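# Geometric and topological summary
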Amino acid sequence: MFLFKRIIQRLRGEINLNKLKKRGLLTGKDFKIMGGCIIDPSHCWLIKIGNNVTFAPRVHIIAHDASTKIFLNYTRIASVTIGDNVFIGAGAIVLPGVNIGNDVIIGAGSIVSGDIPDNSIAAGNPARIISSLESYVQKEKSTMNTENCFDVSYTLRDKTFNEQKKDEMLTIIHKYGKAYVV
């Protein structure tokens with residue numbers, strides 16, 4: 001049964017964090033990783049991930065650049081460091097040699113080719129600083145109210161989630177343009 005489970009995980013493209021850690025990947029506490037992520041398996045010992053870090057689906061962390069192999073007969077490698085309290089959005093790619101500071105959000109689809117300082121929101125290709133984290137959080141707080149904030153019962157994590165709750169949430173999103181859920 002164990003072998004079957006591992007085969008299914010490989011077919012789904014799921015990574016084996018324990019295997020990467022045995023090879024030298026460093027991760028802090030409360031590291032969450034969603035499906036389809038790639039953490040460079042051939043150079044994972046060059047990657048350090050801090051505490052309270054979340055990778056949304058399909059994030060890629062790459063510590064090598066094989067494009068140099070054709071021309072130099074060598075592959076360029078460099079470390080990647082991701083600080084504490086970092087969220088990396090869906091489909092983002094972090095390239096070799098990048099240092100991402102503490103308290104950072106990387107937008108979905110971003111290509112991070114340079115360092116991102118503490119307390120930043122970065123997005124784009126190449127990723128650029130678009131705001132401080134403090135400004136972004138303050139802006140979002142100012143749009144939150146009792147009507148557009150929902151508890152866990154409005155998610156699929158809760159068994160009481162139903163069509164009525166879904167419709168209620170959609171109504172609020174149409175009214176405000178967005179909503180917030182725990």
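Each remark here, short or long, concerns the structure printed above.
Residue indices follow the written sequence of each chain, beginning from 1 at its first position. Side-chain atom pairs in this predicted model are given and counted only at pLDDT of 80 or more, local residue features only at pLDDT of at least 70, and totals for whole chains, interfaces and linings cover all residues. Hydrogens and water molecules were not included; the side-chain quantities draw on all heavy atoms of the structure.

A word on the sheet that holds strand β12 (residues 99-100). On the basis of which strands lie adjacent, the open sheet formed by four strands has the order β1-β4-β9-β12 and parallel pairing. This sheet does not close on itself; its edge strands, each paired only once, are β1 (26-27) and β12. DSSP calls a pair of strands paired once it identifies at least 2 bridges connecting them. Strands are runs of DSSP state E lasting at least two residues, helices are runs of H or I lasting at least four, and both sets are numbered from the N terminus onward. Across three bridges, the pairing between strand β4 (residues 47-49) and strand β9 (residues 80-82) is parallel. By the bridge assignment for β9, Lys48 is matched with Thr81.

Attention shifts here to the pattern of salt bridges. Any Lys or Arg side-chain nitrogen found within 4 Å of a carboxyl oxygen on Asp or Glu counts as a salt bridge. Considering all chains together, one arrives at five salt bridges under this definition. We note a salt bridge from Glu140 to Lys178, for which the minimum N-O separation is 3.2 Å. Highlighted residues: Glu140 in helix α4 (residues 133-143) and Lys178 in the loop between α5 (163-176) and β18 (180-181), separated in sequence by 38 residues. When accessible area is computed with a 1.4 Å probe and restricted to protein chains, residues below 20% of their type maximum are described as buried, those above 50% as exposed, and intermediate ones as partly exposed. For Glu140, a relative accessible area of 16% corresponds to the buried category. Glu163 serves as the salt-bridge partner of Lys166, at 3.1 Å between the closest nitrogen and oxygen. Pair noted here: Lys166 and Glu163 are both in helix α5, with a separation of three residues, about one helical turn.

On the basis of which strands lie adjacent, the open sheet formed by four strands has the order β3-β6-β11-β14 and parallel pairing. The open sheet terminates on both sides in strands that have one partner only, identified here as β3 (38-39) and β14 (111-112). Pairing between strand β11 (residues 93-94) and β14: two bridges, direction parallel. Bridge assignment links Ile93 to a residue of β14, and that residue is Ile111.

Turning our attention to the packing of aromatic side chains. Pairs of aromatic rings are described using the distance from one ring centre to the other and the angle between the two planes. Only rings of Phe, Tyr and Trp enter the pairing, Trp through its six-membered ring, and a pair is recorded when the two centres are within 6.5 Å. The plane angle decides the type: under 30 degrees is stacked, over 60 is edge-to-face, the rest tilted. In this structure the tally under the stated criterion is two aromatic pairs. When the ring of Phe31 is compared with that of Phe55, the centres are 5.0 Å apart and the planes differ by 85°; the resulting orientation is edge-to-face. Note that Phe31 is positioned in strand β2 (residues 31-33) and Phe55 in strand β5 (residues 53-55), a separation of 24 residues in sequence. Phe55 carries the same exposure label as Phe31, and that label is buried. Counted as over-ring charges are cases with an Arg CZ or a Lys NZ within 6 Å of the ring centre that also lie within 35 degrees of the ring normal. Directly above the aromatic system of Tyr154 lies the positively charged group of Lys165, at a separation of 5.4 Å from the ring centroid.

A few words now on the side chain of Thr68. Secondary-structure assignment places Thr68 in helix α3 (residues 67-72). A distance of 2.6 Å separates the side chain of Thr68 from the backbone oxygen of Tyr74, its partner in a polar contact. Contacts are assigned to residue pairs with any non-hydrogen atoms lying within 4.5 Å of each other. Apart from the residues within four sequence positions on either side, Thr68 is in contact with Asn73, Tyr74, Thr75 and Arg76. Here a polar contact is taken to be a pair of N or O atoms separated by no more than 3.5 Å, where protein atoms must pair a possible hydrogen donor with a possible acceptor and residues adjacent in sequence count only if both atoms sit in side chains.

What follows concerns α5. Expected span, for any helix, means 1.5 Å times one less than how many residues it has. When the terminal C-alpha atoms of α5 are compared, their 20 Å separation across 14 residues agrees well with the 20 Å that a helix rising 1.5 Å per residue should span. The complete set of buried residues in α5 reads Lys165, Met169 and Ile172. Across the axial projection of α5, the buried residues extend over an arc of 60°, all falling on one side. Away from its buried face by more than 90 degrees, α5 exposes Glu163, Gln164, Thr171 and His174. In this description, one arc is meant: the one made by directions from the helix axis to the C-beta atoms.

Across three bridges, the pairing between strand β13 (residues 104-106) and strand β15 (residues 120-124) is parallel. Note that in β15 the partner of Val104 across the bridge is Ser120. Relative to strand β16 (residues 127-132), β15 runs antiparallel, the two sharing five bridges. When the sheet's bridge partners are listed, Ile121 is paired in β16 with Ser131.

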